[in-house]
Amino acid sequence: MRTILLLFFSLLLLAGCGGTHSANPGMASVTTVYIVRHAEKDPTPNLPDPALTPAGEQRAVDLRELLEHRPITAIFTTDTRRTRGTVAPLATALRLPPIVYSARNQRGLAEQIRQEYAGKTVVVVGHSNTLLPLLDELQVTRPFQEIADNEYDYLFEVKLPRAGGPGTVAVRHYGAGAK
């Protein structure tokens, strides 16, 4: 009888330890980073800080619909009208204030994501000339060498293992006119 009781309590203890570990969100093994370019901007030449076009505003809504049910804990954006406008519907839906980062410091952003958001999910909105350098800083292989000025529909999903090792990047397209 004592052996049966000992076995029973051992099983309870093991079950409790497993449940505690898996329920702890800080113990997640993968950091997920969704990276997008700002949506379509006003093409008027020489505008210092163009706003989104109606098509860009719709793409921002499409981004919200795509990501609003993901466990996003932070949203990063540069300080331009087009990037803030792209992330605004998602930020509002998630009640997350966007965190402004410098488009000139992809290394700093990558380090901040790795250190402060390990095991979590974040969104980064940037520019055609900053997305691929950010992939480099996150140490994942670029899927291609450049993003054309008229390409707005890329969604990069980066997975960074917590234990180190190589991360992965998957490329999707989203919004109206997506490839």
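About the thresholds
Residues numbered from 1 in each chain as written. Predicted model: local features only at pLDDT ≥ 70, side-chain atom pairs only at ≥ 80, totals over all residues. Heavy atoms only, no water. Phe/Tyr/Trp six-rings, centres within 6.5 Å; stacked < 30°, edge-to-face > 60°. Helix = DSSP H or I, 4+ residues; strand = E, 2+ residues; numbered from the N terminus. Buried < 20%, exposed > 50% of the residue type's maximum accessible area, 1.4 Å probe, protein only. Pairing = 2+ DSSP bridges. 1 Å grid on protein atoms, 1.4 Å probe; cavity = no way out; pocket = protein on both sides within 12 Å on 5 of 7 lines; lining within 4 Å. Points joined across faces, edges and corners; volume = space filled by probe spheres on them. Nonpolar A, V, L, I, M, F, W, Y, C, P; charged D, E, K, R; others polar. Core = buried A, V, L, I, M, F, W, Y, C linked by side-chain atoms within 4.5 Å. Contact = heavy atoms within 4.5 Å.

Undergrad: Where do I start with the packing of aromatic side chains in this structure?
TA: The description of two aromatic rings rests on the distance between their centres and on the angle between their planes. Within this structure, the stated rule accounts for four aromatic pairs. Here Phe 76 and Tyr 117 contribute two aromatic rings whose centre-to-centre distance is 5.6 Å and whose plane-to-plane angle is 90 degrees, an arrangement assigned as edge-to-face. Note that Phe 76 is positioned in strand β2 (residues 72–77) and Tyr 117 in the loop between α4 (106–116) and β4 (121–126), a separation of 41 residues in sequence. Comparing Phe 76 with Tyr 117, the two get one shared label, buried. Measuring from centroid to centroid gives 5.8 Å for Tyr 154 and Phe 156, while their planes differ by 20 degrees, and the two rings are stacked.

Undergrad: Can you help me understand the pairing of strand β1 (residues 30–37) in this one?
TA: Remember that side chains alternate between the two faces of the sheet whenever the strand is regular. In terms of burial, β1 is largely enclosed, as seven of its eight residues are buried. Direction of pairing for β1 relative to strand β5 (residues 154–161): antiparallel, over a ladder of seven bridges. When the bridges of β5 are listed, Thr 31 appears paired with Leu 160. Judged from the six bridges that link them, β1 and β4 form a sheet pairing that is parallel.

Undergrad: Honestly, the layout of surface pockets in this entry has me stumped. Any pointers?
TA: Gaps left between atoms show up when a probe the size of a water molecule is rolled over them. Put simply, the largest pocket is a space of about 170 Å³. Lining the largest pocket are 13 residues; nearest its centre among them are Arg 114, Leu 160, Pro 161, Gly 164 and Gly 165. Of all elements in the fold, only α4 and β5 reach the threshold of two or more residues within the lining of the largest pocket. Among the residues making up the lining of the largest pocket, the classes are represented as six nonpolar, five polar and two charged.

Undergrad: Can you help me understand unusual backbone geometry in this one?
TA: Phi is positive for Asn 46, which is not a glycine, with a value near 65 degrees. Within the secondary structure, Asn 46 is located in the loop between β1 and α2 (54–67). Among the residues examined, Asn 46 registers a relative accessible area of 77% and is labelled exposed. Residue Gln 139 is not a glycine yet carries a positive backbone phi of 60 degrees. Within the fold, Gln 139 resides in the loop between α5 (131–137) and β5. For Gln 139, a relative accessible area of 60% translates into the label exposed.

Undergrad: Would you explain the nonpolar core in this entry?
TA: Among soluble globular proteins, nonpolar side chains are generally buried collectively. Grouped together as the largest cluster of nonpolar side chains are 22 residues, with contacts concentrated most on Val 33, Ile 35, Phe 76, Val 124, Leu 138, Phe 156 and Val 158. Taken together, the elements giving at least two residues each to this core come down to β1, β2, α4, β4, α5 and β5. Excluding residues that lie within four positions of it along the chain, Phe 76 makes contacts with Ile 99, Tyr 101, Leu 109, Gln 112, Ile 113, Tyr 117, Val 122, Val 123, Val 124 and Val 125. Val 36, Ala 91, Leu 96 and Val 123 belong to the second largest nonpolar core, which has 14 residues in total.

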